[in-house]
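# Summary of structural features
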Amino acid sequence: MCGIIGAIARRDVQPILLEGLRRLEYRGYDSAGLVVLDPGGALRRERAVGKVEALARRLAERPLAGQLGLAHTRWATHGGPTEANAHPHLSGDDIAVVHNGIIENHQALRTELEARGYTFTSDTDTEVIAHLIMDTCRQGLDLPEAVRRVGHRLQGAYALGVVRRDDPDRLVAVRQGSPLIIGLGIGEHFIASDIQAMLPVTQRFIHLENGDIAELTRDEVRILDADGHAVTRPVSESALTAAAADRGRFRHFMLKEIHEQPRAVAETLEGRLTEDGVPEGLLGPGSEDLLARVRSVQILACGTSYHAGLVARYWIEGLLGLPCRVEVASEFRYRRHAVLPDCLLVTISQSGETADSLAALRQAGEDDYLASLAVCNVPESSLVRESDLVLMTHAGPEIGVASTKAFTTQLVALFLLTLALGRHHGLDADRRRTFAQHLRALPAALEKVLALDAPVERLAMTLVDKQHALFLGRGAHYPIALEGALKLKEISYIHAEAYPAGELKHGPLALVDADMPVVVVAPNNPLLEKLKSNLEEVRARGGHLMVFADDVTALGGDGGIQCLAVPPADDWLSPIVHTVPLQLLAYHTAVLKGTDVDQPRNLAKSVTVE
Ligand code: G6P
């Protein structure tokens, strides 16, 4: 999704903005641009379609310098990914704006502005904002007041950075629905869509609240809330360093993040396991009473996080007997739904800023849920701030668009939640103790499964020239098949579909032939015999099977089947272990195909618009 970085300093900000853009690349974008107020007092802009490097080359040819500036990576919504549509957008040569979000009433505003003589040079909703601010400044208002008034006319979600040629000592920022953070320096201040972009220059941040307008000068930050009152927002110090977003020895962030999983899982478990399960108060003081009252669970999420929710349903219903529903947030938010009795609402999100998940949480706030719990990876995110209870994953920053370590740590957090609920819902101390032991062993099990890297790469060689693939799983491994198929399509662009293996003969079997590889998640559990029949159905039709199994001998291995032995794990936790080889399969297939693994086409890391 679009990324914003802005700076006001006593030094040239162009290198800071360009580095910020590089660090925002992971969010997904298709053009980039930058504007600075140059020493001669003119707004000078450079934009380029494609990668930030294309912009960097332009800047090398035609250098820009200045002590106030804005920059942006654009993920096209209104208007194609062209240079004319790239941000920053200008009104005349006086106002420059960068924007993340969508202005829903842009068409009406555009018509009004055109009638008043403003000329548009792009198809974007953003250009409307630039002209509106210009129009309002012309009435004699200063920049912060003009931005505040324009805000009242905009419908939709947005974060903005605004500068004005005639106001060289001020940068104005607004947060309304889309994330925006202020970075505090000494004699310089910054704004950005996430802290990653500012880590090279500061580790001190202010997270704006919805409706806030901030006025940044070199020495001061003033914030007004939605009602126009001056407010002080807390300053947080981040422990992250600029190096946290380095690829290190790995070729891609995704591979680095796949390999970080043992550590990320260990950190998510840190301090959260006792002899007989999880500590009381895992979800905060007073939470045990609440957990005891829970009689059902509703999970909401998007994308990979939704798949984590689907696995959790098997745990919550299978181990505790509590009814558990899981729904994609974008569907939930737009339909009337019946609330289960004494229901705990759980939202799952890596970023905590996904527009649909946030909207679903807000929508559910009008219903009769016992409480809302966020399972999230970003402590300062909107989702965390707007939920009653929080269970953080400690995956660390995830940069690759395709989610990996965030997913496995979400699964771990959801298993911890199952144990916390289990104390009150029939999971006896012996079983909780056994699960705690299995969880302690999980980082080492994940370390072992990473050793499959080379054999998985060989499997990828047979997948790389295929157009389609089917993924099969049963039970809690069906969502893992879904996640495996999602990873493959996201980064290799091979069309992949996942089915519960029992559904094979109800349709997808018609697709099976020698050109349709079938990837199977086949743990050694009570469903294995059933799964073996499904494999035979594929084999009998000349299909090519790639099977991930922890007991390969049980499968028989001649013609049409490639088996890969996954280290055995406890059946309930096995979905977590079986995730990793599928991540590696997608990764190696994408590398062999030569796609942009970390920033796949058309996708965004954090989907902050609908
Ligand atoms: C985007 C990302 C996915 C992610 C999904 C939900 O589509 O590309 O990797 O699973 O959003 O994101 P969240 O931050 O809410 O988990």
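Numbering of residues starts from 1 in every chain and runs along the sequence as written. In view of the model being predicted, local features appear only for residues whose pLDDT reaches at least 70, and side-chain atom pairs are presented and counted only at 80 or more, with totals across whole chains, interfaces and linings using the full set of residues. Excluded from the side-chain calculation are hydrogens and water; included are all heavy atoms of the structure.

If you check an unreviewed UniProt entry, the protein appears there as Glutamine--fructose-6-phosphate aminotransferase [isomerizing] from Ectothiorhodospira mobilis. Looking at the Catalytic activity (unreviewed entry) heading of the UniProt record, one finds this comment for the protein: "D-fructose 6-phosphate + L-glutamine = D-glucosamine 6-phosphate + L-glutamate". A UniProt comment under Subcellular location (unreviewed entry) is attached to the protein, and it reads "Cytoplasm". UniProt positions are given in the numbering used here, feature names are shortened, and annotations may be inferred rather than shown by experiment.

### Here we look at the overall build of the protein
A tally of regular secondary structure across the protein gives 18 helices and 25 strands. Computation of the radius of gyration draws on C-alpha atoms alone. For the globule rule, the value is 2.2 Å times the number of residues to the power 0.38. The C-alpha atoms of the protein give 26 Å as radius of gyration, which agrees with the globular expectation for 610 residues (25 Å, within 12%). Using a 1.4 Å probe on the protein chains alone, a residue whose accessible area is under 20% of its type maximum counts as buried, one over 50% counts as exposed, and one in between counts as partly exposed. Here the protein holds 610 residues, and 61% of them are scored as buried. Sequence-distant contacts, at least 24 apart, represent 72% of the contacts inside the protein between residues at least 6 apart. Here, Shrake-Rupley sampling with a 1.4 Å probe gives the accessible areas, and only protein chains in the shown set may cover a residue. Counting only carbon and sulfur atoms, one obtains 49% of the accessible surface of the protein, whose full area is about 22400 Å². We score Asp and Glu as negative and Lys and Arg as positive, and we do not count His or the chain ends. Charged groups are reduced to one reference atom each: NZ for lysine, CZ for arginine, CG for aspartic acid, CD for glutamic acid. In the protein, 62 positive and 79 negative side-chain charges are present, and the distance between their average locations comes to 2 Å. Secondary structure elements are defined from DSSP: runs of H or I of at least 4 residues count as helices, runs of E of at least 2 residues count as strands, and each element is numbered from the N terminus. By definition in these notes, contact holds between two residues if any of their heavy atoms fall within 4.5 Å.

### Observations regarding the sheet that holds strand 19 (residues 371-376)
At least two DSSP bridges between two strands are required for those strands to pair. Overall, parallel pairing links the 5 strands, which are arranged 17-16-18-19-20 in an open sheet. Either end of the sheet is taken by a strand with one partner, and the two such strands are strand 17 (324-328) and strand 20 (389-392). Across the sheet, the mean angle from the axis of one strand to that of its neighbour is 20°, orientation sign disregarded. Contacts between helix 11 (residues 355-364) and the sheet are confined to strand 16 (296-301), strand 18 (343-349) and strand 19, with strand 18 contributing the most and set at about 165° to the helix. On top of the sheet, helix 13 (residues 405-422) reaches strand 16, strand 18, strand 19 and strand 20; it is set at about 165° to strand 18, its chief contact. Lines are fitted to the C-alpha atoms to define the axes, a helix being fitted only along its stretch in contact, and any angle between axes, read from their N-to-C directions, falls within 0 to 180 degrees.

### Some details on the UniProt feature "domain: Glutamine amidotransferase type-2" (unreviewed entry) in the protein
Following the UniProt record, one finds the feature "domain: Glutamine amidotransferase type-2" (unreviewed entry) at residues 2-219. Secondary structure within residues 2-219 divides into 25% helix and 34% strand; the distance between the first and last C-alpha atoms comes to 28 Å.

### Some details on the UniProt feature "domain: SIS" (unreviewed entry) in the protein
Within this structure's numbering, the places UniProt gives as "domain: SIS" (unreviewed entry) are residues 287-427 and 459-600. The span residues 287-427 is 44% helical and 20% strand by assignment, and the distance between its end C-alpha atoms comes to 18 Å.

### A few points about the site of the ligand
Contacts to the ligand come from 13 residues, most closely from Ser305, Ser349, Gln350, Ser351 and Thr354. Between the ligand and Thr304 there is a distance of 3.0 Å, counted from an oxygen atom to a backbone nitrogen or oxygen. Surface burial for the ligand is 90%, taken as the share of its 390 Å² of free accessible area covered by protein chains. Lining residues are those with an atom within 4 Å of a point, where the points come from a 1 Å grid over the protein atoms alone and group into cavities, where a 1.4 Å probe fits but cannot get out, or pockets, open sets with protein on both sides within 12 Å along at least five of seven lines. A pocket or cavity is taken to hold a molecule when more than half of that molecule's atoms are within 2 Å of the pocket's grid points. For the ligand, the cavity whose grid points lie within 2 Å of the majority of its atoms is the second largest pocket. Sort the elements by how many residues they give to the shell around the ligand and helix 9 (residues 303-320) lands first, with 3 residues. A breakdown of the residues in the shell around the ligand according to their chemical character gives 4 nonpolar, 8 polar and 1 charged. Any residue with at least one heavy atom within 4 Å of a molecule or strand is counted as near it. Identification of polar contacts relies on pairs of N or O atoms within 3.5 Å, with a donor-acceptor requirement for protein atoms, meaning one able to donate a hydrogen and the other able to accept it, and with residues adjacent in sequence counted only if both atoms are side-chain atoms. Asp, Glu, Lys and Arg are counted as charged, while Ala, Val, Leu, Ile, Met, Phe, Trp, Tyr, Cys and Pro are counted as nonpolar; the rest, among them Gly, fall into the polar class.

### A closer look at unusual backbone geometry
In this structure, the amide linkage connecting His87 to the following residue, Pro88, adopts the cis form with an omega of 0°. Secondary-structure assignment places Pro88 in the loop between strand 4 (68-74) and strand 5 (89-91). Phi is positive for Asp342, close to 40°, though the residue is something other than glycine. Structurally, Asp342 can be placed in the loop between helix 10 (329-332) and strand 18.

### As for the sheet that holds strand 1 (residues 3-8)
Pairing between the strands of a sheet comes from backbone hydrogen bonds, and it takes one of two forms, parallel or antiparallel. Strand order in the open sheet formed by 8 strands is 3-2-4-1-10-9-11-15, with antiparallel pairing between adjacent strands. Single-partner strands in this sheet number two, and they are strand 3 (43-49) and strand 15 (235-237). In this sheet, neighbouring strand axes are inclined to one another by 20° on average, regardless of whether the strands run parallel or antiparallel. As defined by bridge partners, strand 1 adjoins strand 4 across 6 bridges and the pair is classed as antiparallel. Paired with Ile4 across the strands is His72, a residue of strand 4. In the packing of helix 1 (residues 14-24) onto the sheet, contacts are made with strand 1, strand 2 (31-37), strand 4 and strand 10 (189-192), and the angle to strand 1 comes to roughly 160°. Sheet strands in contact with helix 2 (residues 52-61) are strand 2, strand 3 and strand 4, and its direction is about 135° off that of strand 3.

### Notes on the packing of helix 3 (residues 106-115) against helix 4 (residues 126-137)
Where helix 3 meets helix 4, the closest approach of the two axes is 9 Å, and the angle between their N-to-C directions is 45°. Taken as axis vectors, helix 3 and helix 4 run oblique relative to one another. Viewed along their axes, helix 3 and helix 4 form a crossing whose handedness is left-handed. Packed against helix 3, whose contacting residues are His106, Leu109, Arg110 and Leu113, the element helix 4 presents Val128, His131 and Leu132 at the interface. Residue composition of the contact of helix 3 with helix 4, by class: 4 nonpolar, 2 polar and 1 charged. Convention used here: angles under 35 degrees read as roughly parallel, angles over 145 as roughly antiparallel, angles from 65 to 115 as roughly perpendicular, and any remaining angle as oblique. Less than a right angle of anticlockwise turn of the near helix away from the far helix marks a crossing as left-handed, whereas a clockwise turn marks it as right-handed.

### Digging into the packing of aromatic side chains
The pairing test for Phe, Tyr and Trp rings, Trp by its six-membered ring, is centres within 6.5 Å, and the orientation test on the planes gives stacked under 30 degrees, edge-to-face over 60, and tilted for anything in between. Here the structure, examined in full by the defined rule, presents 2 aromatic pairs. Measuring from centroid to centroid gives 4.9 Å for Trp315 and Phe415, while their planes differ by 85°, and the two rings are edge-to-face. One end of the pair, Trp315, is in helix 9; the other, Phe415, is in helix 13, with 100 residues separating them in the sequence. Here Trp315 and Phe415 have matching classes, each one buried. Between Phe415 and Phe435, the ring centres sit 5.1 Å apart and the planes meet at 75°, which makes this aromatic pair edge-to-face. Linking Phe415 in helix 13 with Phe435 in helix 14 (residues 429-450), this pair joins segments that are 20 residues apart in sequence. Pair check on accessibility: Phe415 and Phe435 agree, each one buried. Among the aromatic residues, those joined into a cluster by ring pairs are Trp315, Phe415 and Phe435.

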